[in-house]
Structure formats: C-alpha cells, structure tokens
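Here are the chains, one letter per residue:
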Amino acid sequence: MEVPKMAASGITLLMLAALLVNLARCQGSVGKGKDSSPLRFTHHLYNATINENTAPWTYIEIPVKMGIELTVPFWEIKYNVVSGDEDGLFQAEEVTVGDFCFLRIKTRTGNSTVLNREVRDTYTLTVEATENTFDLKAKTKVSVQVLDTNDLKPLFYPASYNVDIMEDTTLKTSVVRVSATDADFGSNAEFYYSFTSRAHPFVVDPFTGTVSLVKKLNHTRMERYDLTVLAEDRTKKISGVQKFGNVARVTVNVLKMSTPTPVIMPLPKPTVSTNGKITINVHVESGVKPAESLNIVGGDPHKCFEIIPLGVKGSDFQVMSTKKIIWPQTPFGLNLSLQAKDRSFPSLLSPVVLIHLPAYHYSPLAFLEDTYIVTLSEFSPPKTHVVKVSVTSAPFNVTFSIKNNPDSTNFKINPKTGIIITTEKFDYETKDRYEFDVIANQGEAETHLVVEIKDENDNSPQFTQSSYQATLDENAPVGSSVLKVAATDQDKGKNGFVTYAITNSGLLPFTIDAFTGVISTSEPLDYELMRRRYHLRVWASDSGSPFSHVSECPVTITMNNVNDNIPLFEKVGCNATIPRDLPVGHTVVELSAIDLDELQQLKYVIESGNELQVFAINSVSGVITLNQPIPVRADLFTLKIIATDGKHRSDPSVVAINIAKQGEDATIQCQETGIFKQLTDKLIESIKPILTNQEDESFSDFHITNRHSPKFNLIIPSSIDIAEDYPLNSTVIQFKATDNDSGFNSKLVYAISSGNEDGCFSIGTFSGELRLVCPLDREIKEFYILNITVYDLGTPQTSAWKFIAVNVMDVNDNPPVFDQPRYIIRIPENTEVDSTIFKARAVDLDADDSGNVQYSLLTSTDMFRIDELTGEVRVTDRLDREMTPRYDLLIEARDQAKLSPQLFSTTELVVVLQDINDNPPKFVPKVYKIKVPEDVPVGTLLLWVESVDLDLGSGGLITYNLKNTENGIFHLDSSTGALMLERELDFERRPSYNLTVRAVDHGLPRSLSSSCFVEVEVLDFNENLHRPVFLEFVYEAGVMESAAVGMSVVTLTASDKDLGRDGVVRYHIHEGTGLGVFTIDEETGVIRTSETLDRETTSHYWLSVYATDLGTEPLISWTHVFLEVLDINDNAPELSQPVYFASIQENMAKGKSVLQVLATDMDTSSHGKLSFQMLDSQRTYFDVDPKTGVISTLSALDRENKAEHSLEVIVSDNGSPSLHSTATVVIRVLDSNDNRPKFTDKLFHVKLPEQRHHVGKQEVCRMVAGDDDEGPNAAVTYSFQDNRELAERFEIDPVTGVVKAHGDFWPGNYSILMIKAADQGSPSRSSTARLDVEWIARPLPSTEQITFDEPHFTFAVMETEPVTHMVGIIMTETHRLRWFDIVGEEEK
C-alpha cells in the first residue's frame, strides 16, 4: 500500500514544480524588478559575529537561519559577496537542506590582513543570490560584528586625586571615585580596583572604584591619608600571565570640625483641631549623637504643652497642647521656645528655635454696642435694673467692671453677667445725665454708657417763706391787696407750673389770685363785727402728672382796729340813795364804759351836776365817791357823767343821787345797756379763727399727708419654681400692691432690694413685673430669695417688702466636662494586663440622671478598655513600644438624661509607652545572600550587616561578632558590621560559605542578642575559553506522524574543549516552527516529540538549537534541524469545547432541553456522519440526541439530593476503526425554595437561675434551625411568634437565634416562647418551635468542686455535616444542678 502512495505523491510534486516554473517565467518576461522576484532571503539584514585575530576558514556565527526558503524544489542557488569586503576577508558558500538553502560566510585563506576589533569592529557585506535555471536574483546584507579578545590593559585618568573630608563624615560615605579604562571590550575590559596597602579606614569598590569610609575619622590622630589604588586586569587568573596593572594616587585630607550640636529643622505649620487642640511635628537633625529629648524652654507659662516622641526611634517629636488655651489672655499668640538635647555626655544642646502660635479661633473682644443709651425715671429706686451689656463671641470667662468716674458711683455692675443696677436714688433737678465707661477683661474691650434721667413730678412747690403775716385796717376797700405769696417748683414744664388757692373750708373775706399769689379782700372789714385775725391755708399746686404735688403755707392776716366807735356805758339811768352821813371818800356808784375799739384808755368825767364838788369821779375806774360832806340843804344831785377815749365822747350817763336820812343804807339802781354782752360776743368772735384753723388743718392732712403704707396682694405666692432654661426677658410673676392714700402718696414703685446679687432678675419700676434678664444656671445658684420692696412716692416715703423664693429647676444643659482637652500619660511598655493607667473624670453639674456620667472609648482598640462608671482605663493586652509607641485614645463622657437628649464631651488620652530593654537586635534581612566573584581582591568590603534594636539608650547600642572566620578568610568589624574579605577565594576549592553573625545590645539589667546568617556564594570566574562545537552545521531527520509522544527523533552532538563546568554542554531549542512540538534533552541532545504530530497540519518542522556550556559566562553555538513528518490516517472528530457548563432549575418536567454539544472532523469522509452518545450509567437523569447532540432531562431533578451532574458525551466518526472524542458536560441544578427551616425538636426546655433586672441582658439559649436549601432560600432568621408580653422581656437575635432575657425573673416563674424560623426565599417558608424557660432559685454555694469527666474533650465533625448536627456530649462528675457555657475557642 505504501508504494502507490509515494508514487502519487511524486506525480503531484512534479506537477506543482512545473506550475511554479511557468509562473516564474511569466514573471520574468514581465520585468525583473527587485520586488517581483520570488527569490527572497528570510531577512533583509543579518547580524553575525566573529572573533578578532581568528584563523582562516572560520565561519561567522549567526543564531538564525540565514538564506532563502526554496519555494520551488528545483531551484539551484549560488551566493556571492558583492560589496562591503574591501579587504577580501570573507567568502560565501551555499548549503541546501530540505526546503532551505543556507548562506554560509567564512574567512579566506592566504590573506595577510587580520581582523582587529580595535581597528574595525564591523563589516556590512552585501550578498547576492543567483538562481540560474530561472534567472532569478536576490540580495541581502550581513552585518559582521568583530568580537574582542583581551589584548590591552587598564589605564587611569587622572592618575592622582586629592579630596578633603570632614572628620565627622558618616560611615559608608563615598569619598572619591577613581576611574580607569580598558580599551578592550566586554569581559576583556573588566578589571578590579584594590588598595596596595590596607592601613587606613577606607575601602575601594573593586568594580566601581568608589572609595568609601568604613571607620570613624579623627583629625587629631591623622590629618592626611595617602592611598594607592591598583587597577588590575581580571584575566590574569586564566591566562597565567601576570600583567602589570596601573596605579593611581589618592590623597585624603581630614578636616577638623567644630562639635556639631543637634539642629531643630524648620517647623511645619501647626495643626489645630476644631476644638482648639494644637499639634506640632518637630524633626531634630542629629549632632554628635542622636537627639534624646526636645524641651520647651520658654513661652509656656501656664504649662499648656507637652512633648512626646513621635515614632519608635529617631529624632521626631510632637508638641501637643494638653490644656485649654485662654487666647484672650494672649491675644497676640504664643511664642514657644524649643531646644533639643542629644545623647552625648555631657549633652549638647541645639540652638533655641522660636515658633509662633497665633491666637487661633480668636477675634478681639468687643461689646455688642459702642454706646449704650438708657433712660431711667428719676422715681427709680435703688437696685433698679439699668441694662445688660454683652460682648461678641464671648470667651470662656468674661469679667465686667465699671471705670471709676464721678458719674459711676450711682451704678453697680455684676462682673459675670454684665447687668448694671442703680445704687442710689436719682434727682433730675440735681443731675439729669450720667456717663461712664464699662470694660471687659480689664480693658480688653470698652463701651460707653449714657444714662439719661427722665424728669418726674417728684418736687412739691416750695414757698419762699415758711409762713406769711399781714395786717389790714378795718374798713379797707374791697379788692385791696393784702400780701403776695410766692412758691417755686424745681420740676420742669407742667411739673413745675405753680398755681395757688386758699383751702380754708369756711367763708373768708379774702381771695387769692391763682397765678400771681396775691391775696386781696373780698368784702368790707369791721374790726368790731368781724374776726380780727384770719389764718389762711394757702396751697401751691403744680400741674404735673399723674398727680399734682401740693404744698401748704399758713398766712395770718391781722385786722387793725380803727377808732370808729364811741365809748358806751354798761349802766345808765342810775338812781342812788345815800345817807346824809355818808363818810367822805365812800363810793357812791361805780360806772364802767366799754370802747369797742379798745384802742385807748377811757377817761371818765363829771360833765355837770357837781358844781359844788360834792362828788368826785376816778377818771380811770369810773368810781364816784363822796368828795365832801353833803350839804345840808342838798337833797338830790343829778350828775352827768361822760367817758371819752380821747377822740370820741360817750353819751352822758345820768346818775341821780338822792340824799337820805342819816343811818339809812346806801342803795343804787341802774339800767343795763348790754354792752358787756356785745364785748363777750366779740371775744368769742376773736377766738373763732383758731377753731376754724384746726378744722382746716384736719381737712388739709387728709389730702396731702402720707398716712398709709403700701400693702402687697395676699395672693402672691412666697415661692415659685422656674426651669433654668426659662426664656430671657419673659415675665416670671406679676407683683401687685395697693396704697390707700391718694395722689403721689398712693403712686407705687417696685424694686428688688436684696437677693439679686447677680442681677438676673429685673422688676418693672411701675408695673411690678418680675422678669428674667440673664440666663439662669442651677449649677451655680439653685435658688434666689428676692426681697421685693414697694415704695410709694409720698412724703415721707413709706414702703413694704415681701420675700419670694425662686427655685431654679434643673434641665440637662451641661455636658460632662473634662478638666483638660487632652491628657498625656507615660507608662512602661511592660505594664501588666488589667493594670489601671488612668482615671478619666468628667464633671456634670446637672442633677439626677442628667448629672450621672458614663464613659466609653470611641477609639477602636483591643489594647485598652474603660470602666463606664469609674472612668478607669485599663490595659487589656500586652503592650509593645517598638510596635506601637503611643496610643491616641478618644474618651467620651456622656450623661444619662432620660427626658431630654443626652449630652457628651470628649477628651483625648495620649498613652506614651516608655522603653524597656525587651527587644534583641533584629537583622533585616535575617539571611543575607551575596555573590562574590572568586577573583575579587583581598580587602574588598563584601557586606554591611545591619541590625535594628528598637529599644532606646544603651538597649539600642549594638556590637557584632563573627562566630567563624573560616580560617581568617572573613573579618567582621564589631562596631560597624562591615564584613571584609581577608584571604583569596577559590570557587573550585569551596563554592559557598555559611557565616553566622551575632549582634548583642548593651541593655540593662541584661543584654539581648540575635543572630543572622550570611550565605556567601562564590562565583566562578569565567575560565571558559572554548565554545561548544556541533558536529554538523545542520541536521536532517524524518518522523512518522503517528510517532508516540517522547519518541526519539534525532541526536545532536556538540563538543567543548574546556574542563570542568566550562566543558559541560547543555542543549536548548531556541526557535523554529517545531518549537513546542519537539523537546531536546539538555544533557544528551536527543530531540523527542512532545506532542502528537499531524502531517495534515504541518508536513515538516525547522528547529534552531543552541548548545551552551556551564561556564560563568557561558559560550554558545548554533545549529539547525530539519524534521520531516511522514503521513498516516489519524484524525478523530473534535468537539467544539472540551467542557460544557449548563444549569437547570430543580423540579423541572421531563424532556426539558439543557444544551447542545457540537463536533467537527477534519477527515472529509466523516463530514455529517458523526454520532453522539452517553454512557448508560449516566442516563438516569439525562440523555443526548445521537444526531443533534441536544441533551435533555429524563426525570425531575432534586438539588438537595444532587446539586451537580457531570456527564461524558462521546462523538464518533464512521471510520474503520472508528475514532471518537469525548467532552465533559457539567450541569448545575439551581435551587428552588422547597424546604422549610427545621428545628431539631419541637419543644425545648431550659432551666435557668433566677435573674434580676440590674444585671442587664442574659443569654437564655441559642435556637438553631437548618434549611436544606441554599443561598437566600437557606438564610434563616429568627423571631418570636405571638408572645408579645413575654417578648418585652425577651429578645432574640434574628441572625444567630440567641435568646436573651432582661428583667426580673423569680423562682417559680415559667416563660413559654414560640420561636419562628423563616428562610428568605420567595415565597418564604418557616417553622416554629416552643421554648420553655423555667426559672429556679439560684443554687446555694457548694464546696463541691465541679470537674469534667475528662480534662480535654475531643470531637470530630465532618465539614459536610449540616447545621444542628450534634458534635458531642460533655459530662461532669458532679450531678447537681449546673449550667454550661462556651467561654472561648481556639482555631487550629
């Protein structure tokens, strides 16, 4: 069967060749353009290499196939170098393998010119390919790179160096870099730098020439170092020839430096929080030693700031404010002076750095008004409210005061509230305006106050005289002016306009002019018939409001008697009888006359009838006596008697005197005239004005005398309650008082005479309205006892008072207050767990629950906790300063107000951990891995081992030591950790070293140590002189397409003349069409198939293979392999996917299509003749259509029974033998909510000890229900069903099912709860269980110890076990009543 196939193949090949020849000729006849020829090189440019000084007949090396692919099998191609080879060094030749004609270029023989890279390093050759049969041509370029060989030595430039360095230069600092060059290329140009002597503190990097400092300098010990650096070629080791290197001179001058002090770097802008806390980050540059501390040396008189370290170790600090800064006391800000101290001994101090902190959130204090203008009535009694002055943006504490001046003495200000009250009465007439200044905070702000006094009718008219007297002759004409009274009133306007009136109640013969005060007669006057003295009561009244003031002045008018009446005898017509023997001198009769004028003494005269002078009359008394004996003959005498006042004569009074016999009695008879009665009436009339004056005075007192005191209304309570948040300027209570007087005597004014020291209350002067004028604060003052005094405006003024107790009721208006906004505490980092490190204390001045404070930590931390009642902050976990040097905790204090929103405040607690020596030095990394060339010079610095000890002080000082120096090959500096090479390495003798370095700190009381490991890998120096050489330039082989994977196809062989690893050859496939199809054994060079071959896909393969040795710098050679695939019939049908994925809802009906599988077959004989099938064992739930490949269901699916089905679908062709392919179909059954949650039991019974409300919520048990569904259909939530009353005392976690009880439960109580478990499917399914809780008396303490049956219980559980699966039973040896709790868990 093989022969006919090969014959057919040959015929086909010949036909194809003839076709290509005709095509080529056709194209040649059209034209010979350079792009029209089918003859083409694989690349337009090839890059190749060849060593300089190479021998003749040496081929250039190129990794790619260089040549032309033979698209026509009959082509015969020749190559020639047509340009670029001016010296005639190269020659081209061709080699044909398979479908490719290789171009090979070699050096010519017999040419004296040698390749020299330093003269010319590249040649660009133009190679032309010629096909003579079809007259085709093509060109390409080949760039030949001439490779270097080591034929030159390094040279320094410059050859000398001079540098200056400070004596405090830090270790590892680069001092200078010397530079040498080698004109060779690549590894041939490599050389090492080294010192010819090592008696100095410097090392030179052998590769870069950088000279670095490895030990501390001291100008005193050595001012200058003269160093010699040698540059030596590396190839001396393999060449065996000691080449002479070149040297350079380096002079290092050590400069002395003044002792450096620490320096505080420029400070960043301070950070200010919204509540005024200030934070400043400060960085301190180290001086001789690192900074130890930073201190505030000035500008903080109130100790408002503290400084703490920032970070575990280093020179960073943080300046933090811990107290509230009263910016009004420093309105221009603060100037903090900072100074750093280092760790040297004695310590060095940095220059003082000043940082200015402006007054944050501060605006200058100012009053709300520049000038306050207030009007007060002059009736205002002392302690009358004037005004409340206020400032803008009031700071924490403002103190008010009045600047003293003559006007300010009448006023008083409350220093806290700013309320101004009066201290004295006012008199508008004395002073009507007061001006003074009020200052805040001792002059930080100032305002002007003007108090204008309003004139009131408070002055009565005042007479110019206390009394007036006047005389008036009787008979004066009507209207005659008697006198003028005058009164003045100091009030203004109508209040000072005076009118006059006579207020006597009786009729008087006088009138007064109401405006002028002139008193005049209103009727004729008669001294004898009228009163002789008049007492007038003259009132002077003003025209003020609401009442007039009245003053009274007495006016006495005396009537002058005018002599206008004749004397009148009391007796007339007297008849007297006297005996004749009446003795001389004896009184005969006594006459009396009365003169109503009573101006002069009356004189009596016998006008007639006494010619004989028998009788005589006393001229004063009017007594008539016997003057001489009676004549004998005389019997009767008729005497006419007159009385005269000197002006008027009375009518004669006749006295008849009869002479009787001797011895008879004398008799007298007269007729009464009634003049005496008239005189008596006049006397009564004269005293009548006095009585009238008394009546008038009584009448006057009733109207102008202040007889009654004011009285408060009895319904006014003696005590009232008001909340401390009572609205300002609202009326608290209305005081009412009455006065039974009239006029101003009943006009009342009110004042708070005591108990209002802070001025928070004001009373209306006239209204009696008690108002609140400043905010109340129960926490400062819980009650007031106000003395309310009411005055009348009478004279003299009377008053009444009443005490009223004002109880200030608490409201929750005070948050808890910490005494500092931030606290900083320092504790050792080894502070024991549960130690109290701080006690927070916030004061809430409110009462009851509003004043009860509970504390909490707002910062999420596992290291600390706070007692909510005491505020004690405790450590809850081990502290580590090196991991976290400080903790910033935010503490909240919240009151427990019930009826109003709770108030809270926060403070910051900064916990700074103090260092102890608890950390050994830590190497980073723990293992150092370095690679060191074996030829590196002695004295080379290999490595700086570094460790970090986060402890401070001596605990952070580290000393290093090397446990094994490997016979002196290595040396470790104990202070710096510099690992130096002391002896030469030899890779062949020992390729690696494992060193152990120990670091020890100097901590107290004991030092700590740790170790690290240094893995030194010695690198083999490139002694590799020869590259591997393949036996063949190109290899050819054939392989059947049915060849098994791993079958050997061909073996490649390359040889290497080097020894050791340099001569060990490894093979690798680099590229080609067979990359991945074939593999090569890197050691043997055997090429094997790595996958199944298919000639229908690829008929042949090319591989580019290179061989490399294991030298330090491997050398490479290339070859190419041509592999032809021999054909067999081997194509099976192919499915479109190796794995199909599908899903279907559970419970779907039979015959539901799931998906369709598709397949193809490259064999044409199988097209459309593929069949599908499934294994019988898998046809329980699914089947596949044999023609279409559609998979459908055979029965309903249940996800809970099986959630996923994996099927194998087989597709077969109709070949002989039949070939088939298989695909996996994975069908996932989607969940439907067809299962309800299930409890393990329908009834659960729990016995619990009695419980009290104060213990809070206590766990009863956990209810668990499982649901066989998945996703939301299996997500179970728990709730109570129905038991609403019990539900108020129980709660259940909807997710975990944990039931908790809160409240009082007494022994004997029995609680029944219905628990409902519901899933979250749609629609949701649920089930219930009953939970009976029996409350029993708490067992008495027992001495019997509870022990478990076993010290450790071990239970096994499968990860597939469902929820509610029982894991195990825990038993105790004690069988009395007990309860179990899971108190912790440990995952492994």
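Note: the structure precedes this text.
Residues numbered from 1 in each chain as written. Predicted model: local features only at pLDDT ≥ 70, side-chain atom pairs only at ≥ 80, totals over all residues. Heavy atoms only, no water.

> In this structure, what is going on with the pattern of salt bridges? I would like to understand it.
Pairing between side chains of opposite charge can happen when the charged atoms of each approach one another. Applying the stated criterion across every chain yields a total of 45 salt bridges. Across the pair Arg874 and Asp834 runs a salt bridge whose closest N-O atoms are separated by 4.0 Å. With Arg874 in strand 66 (residues 872-875) and Asp834 in the loop between strand 61 (822-828) and strand 62 (836-839), this pair connects stretches of sequence that are 40 residues apart. According to the relative accessible area criterion, Arg874 is partly exposed, its value standing at 21%. Ionic pairing is found between Arg881 and Glu882, a salt bridge with its closest N-O pair at 3.1 Å. Through salt bridges with shared partners, a single network forms among Arg778, Glu779, Glu782 and Asp810. (Salt bridge = Lys/Arg side-chain N within 4 Å of Asp/Glu carboxyl O. Helix = DSSP H or I, 4+ residues; strand = E, 2+ residues; numbered from the N terminus. Buried < 20%, exposed > 50% of the residue type's maximum accessible area, 1.4 Å probe, protein only.)

> So what exactly am I meant to see when it comes to a nonpolar patch on the surface here?
The grouping of Phe1348, Phe1355, Val1357, Val1367, Ile1370 and Phe1380 at the surface amounts to a nonpolar patch, some 530 Å² of accessible area in total. Here Phe1380 lies in the segment after strand 104 (1326-1336). Overall, Phe1380 belongs to the partly exposed group, its relative accessible area being 45%. (Patch = residues over 30% accessible without salt bridge, like charges linked within 9 Å, V, L, I, M, F, W, Y side chains within 5 Å. Areas by Shrake-Rupley, 256 points an atom, 1.4 Å probe, with all protein chains shown as cover.)

> What exactly am I supposed to notice about the packing of aromatic side chains here?
To describe a pair of aromatic rings, one takes the distance between the centres and the angle between the planes. As enumerated under the stated definition, the model contains 40 aromatic pairs in all. Between Phe864 and Tyr887, the ring centres sit 5.1 Å apart and the planes meet at 75°, which makes this aromatic pair edge-to-face. Remark: Tyr887 occurs in strand 67 (residues 886-895) and Phe864 occurs in strand 65 (residues 864-866); sequence separation between them is 23 residues. The burial state of Phe864 is the same as that of Tyr887; both residues are buried. Between the aromatic rings of Phe1353 and Phe1355, the centroid separation amounts to 6.2 Å while the plane-to-plane angle is 15°, which identifies the pairing as stacked. With a relative accessible area of 36%, Phe1355 lands in the partly exposed category. An aromatic cluster of three or more residues is present, and its members are Phe100, Phe102, Phe1033, Trp1102 and Phe1122. Residue placement shows Lys431 over the ring face of Tyr434; its charged tip is 5.4 Å from the ring centre. It is Arg1252 that lies over the ring of Trp1306; its NZ or CZ is 3.6 Å from the centre. (Phe/Tyr/Trp six-rings, centres within 6.5 Å; stacked < 30°, edge-to-face > 60°. Lys NZ or Arg CZ within 6 Å of the ring centre and 35° of its normal.)

> Please clarify how the nonpolar core should be interpreted in this entry.
A general feature of soluble globular proteins is that nonpolar side chains tend to end up buried together. Residues Ile60, Ile77, Tyr79, Phe90, Leu103, Ile105 and Val142 are the most contacted members of the largest nonpolar core, which totals 31 residues. Elements represented by at least two residues in this core include exactly strand 1 (45-51), strand 3 (77-83), strand 4 (90-97), strand 5 (100-107), strand 6 (122-131) and strand 7 (136-147). The greatest single-element share of this core, amounting to 5 residues, is contributed by strand 7. With near-sequence residues (within four places) excluded, Val142 lies in contact with Leu45, Tyr46, Ala48, Ile60, Met66, Leu103, Ile105, Tyr123, Thr124, Leu125 and Val127. Counting residues in each nonpolar core, the second largest holds 29 residues, with Leu748, Val773, Cys774 and Leu786 among its members. (Core = buried A, V, L, I, M, F, W, Y, C linked by side-chain atoms within 4.5 Å. Contact = heavy atoms within 4.5 Å.)

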